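This is what each chain is made of:
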Amino acid sequence: MNPNALDLDTLRRLAIEQPAAGVTRLVALAVSAVFLIAVLDLVRRGRLKEEYTPIWVVVATGLMVSALWFDGVRLITRAVGAWTPSSTLFFFGLVFLLVLCLNYAVRLSGITGRMTALAQEVSLLREEIGRLRAAAGGQSGE
């Protein structure tokens, strides 16, 4: 065995402990701050409902915290057994997107059911209006 070869645990430790570039952290902080401002502006303009605001504020704040406190990301990386902090961030981003998609699918299913019921009700009301008009037309002709 080669004494200069690194084992997998050493490689993993090196990947986790690699310092984050200052520019990368600055860009991540700027993007998360712009994201937070965009969320608040969308709420102010009425384009984003207030019920969704806490979710997106927590996401933006989490991004800011991860940019400022990168050692926390490393700690989570070690805890979940990932190799690099970036893979940990991608994993939790993917989990968030899956939960978000499931939430929207549940809401869409409910809306579809309500839309079907409303369409049936409108159809029944139109038929009743047609019968009332026909009855009123028949009475005025006598």
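A few points on the structure. Fair warning: this is a prediction, and the values are worked out from it, not measured in the lab.

1. Describing the packing of helix H2 (residues 22–45) against helix H3 (residues 53–68)
At a minimum axis distance of 8 Å, the contact between H2 and H3 shows a crossing angle of 165°. It follows that H2 is roughly antiparallel to H3 by the angle criterion. Considering only the axes of H2 and H3, their crossing is left-handed. Contact residues: Arg 25, Ala 28, Leu 29, Ser 32, Ala 33, Phe 35, Leu 36, Val 39, Leu 40 and Val 43 in H2; Thr 53, Trp 56, Val 57, Val 59, Ala 60, Leu 63, Met 64, Ala 67 and Leu 68 in H3. Residues that form the contact of H2 with H3 fall into these classes: 16 nonpolar, two polar and one charged.

2. A word on helix H4 (residues 70–80)
The set of residues buried in H4 consists of Phe 70, Gly 72, Val 73, Arg 74 and Thr 77. Taken from the residues just after H4, Gly 81 is the one with a positive phi, measuring 85°.

3. Observations concerning the layout of surface pockets
By volume, the largest pocket amounts to about 1000 Å³. Forming the boundary of the largest pocket are 31 residues, of which Gly 62, Leu 63, Ser 66, Val 73 and Leu 89 lie nearest the centre. Listing elements by their share of the lining of the largest pocket, those giving two or more residues are helix H1 (8–17), H2, H3, H4 and helix H5 (85–140). Considered class by class, the residues forming the lining of the largest pocket number 21 nonpolar, nine polar and one charged.

4. Here we look at a nonpolar patch on the surface
On the surface, Ile 76, Val 80, Phe 91, Phe 92, Val 95 and Val 99 cluster together into a nonpolar patch covering about 520 Å² of accessible area. When residues of the nonpolar patch are traced back to their parent elements, those giving at least two are H4 and H5. When residues of the nonpolar patch are assigned to their parent elements, the largest contribution, four residues, is made by H5. Relative to the helices and strands, Val 95 resides in helix H5.

5. Comments concerning the side chain of Ser 32
Along the polypeptide, Ser 32 turns up in helix H2. Of note is the side chain of Ser 32, whose polar atom sits 2.9 Å from the backbone oxygen of Leu 29. Aside from chain neighbours lying at most four places away, what touches Ser 32 is Ala 60, Leu 63 and Met 64.

6. Observations concerning the nonpolar core
If you look at the biggest cluster of nonpolar residues, it comprises six residues: Val 39, Val 43, Leu 48, Tyr 52, Trp 56 and Leu 100. Setting aside anything within four residues of it in sequence, one finds Val 39 in contact with Leu 48, Trp 56 and Val 57.

7. A few points about the packing of aromatic side chains
What characterises a pair of aromatic rings is the spacing of the ring centres plus the angle enclosed by the ring planes. Tallied over the full model, the rule gives four aromatic pairs. With 6.0 Å between their ring centres and 75° between their planes, Phe 35 and Trp 56 make a pair best called edge-to-face. Here Phe 35, found in helix H2, pairs with Trp 56, found in helix H3; they are 21 residues apart in sequence, far enough to count as distant. Ring geometry for Trp 56 against Phe 96: centres 5.5 Å apart, planes inclined by 85°, an arrangement best described as edge-to-face. Highlighted residues: Trp 56 in helix H3 and Phe 96 in helix H5, separated in sequence by 40 residues. The exposure class assigned to Trp 56 is buried, which follows from its relative accessible area of 18%. Phe 96 sits in the partly exposed class, given a relative accessible area of 26%. A connected cluster of aromatic rings, assembled from ring pairs, spans Phe 35, Trp 56 and Phe 96.

Rules of the game
Residues numbered from 1 in each chain as written. Predicted model: local features only at pLDDT ≥ 70, side-chain atom pairs only at ≥ 80, totals over all residues. Heavy atoms only, no water. Axes fitted to C-alpha atoms, helices over the stretch in contact; angles between N-to-C directions. Helix = DSSP H or I, 4+ residues; strand = E, 2+ residues; numbered from the N terminus. Parallel < 35°, antiparallel > 145°, perpendicular 65-115°, else oblique. Left-handed = near helix turned anticlockwise from the far one by under 90°. Contact = heavy atoms within 4.5 Å. Nonpolar A, V, L, I, M, F, W, Y, C, P; charged D, E, K, R; others polar. Buried < 20%, exposed > 50% of the residue type's maximum accessible area, 1.4 Å probe, protein only. 1 Å grid on protein atoms, 1.4 Å probe; cavity = no way out; pocket = protein on both sides within 12 Å on 5 of 7 lines; lining within 4 Å. Points joined across faces, edges and corners; volume = space filled by probe spheres on them. Patch = residues over 30% accessible without salt bridge, like charges linked within 9 Å, V, L, I, M, F, W, Y side chains within 5 Å. Areas by Shrake-Rupley, 256 points an atom, 1.4 Å probe, with all protein chains shown as cover. Salt bridge = Lys/Arg side-chain N within 4 Å of Asp/Glu carboxyl O. Polar contact = N/O pair within 3.5 Å; in protein donor to acceptor, adjacent residues only side chain to side chain. Core = buried A, V, L, I, M, F, W, Y, C linked by side-chain atoms within 4.5 Å. Phe/Tyr/Trp six-rings, centres within 6.5 Å; stacked < 30°, edge-to-face > 60°.

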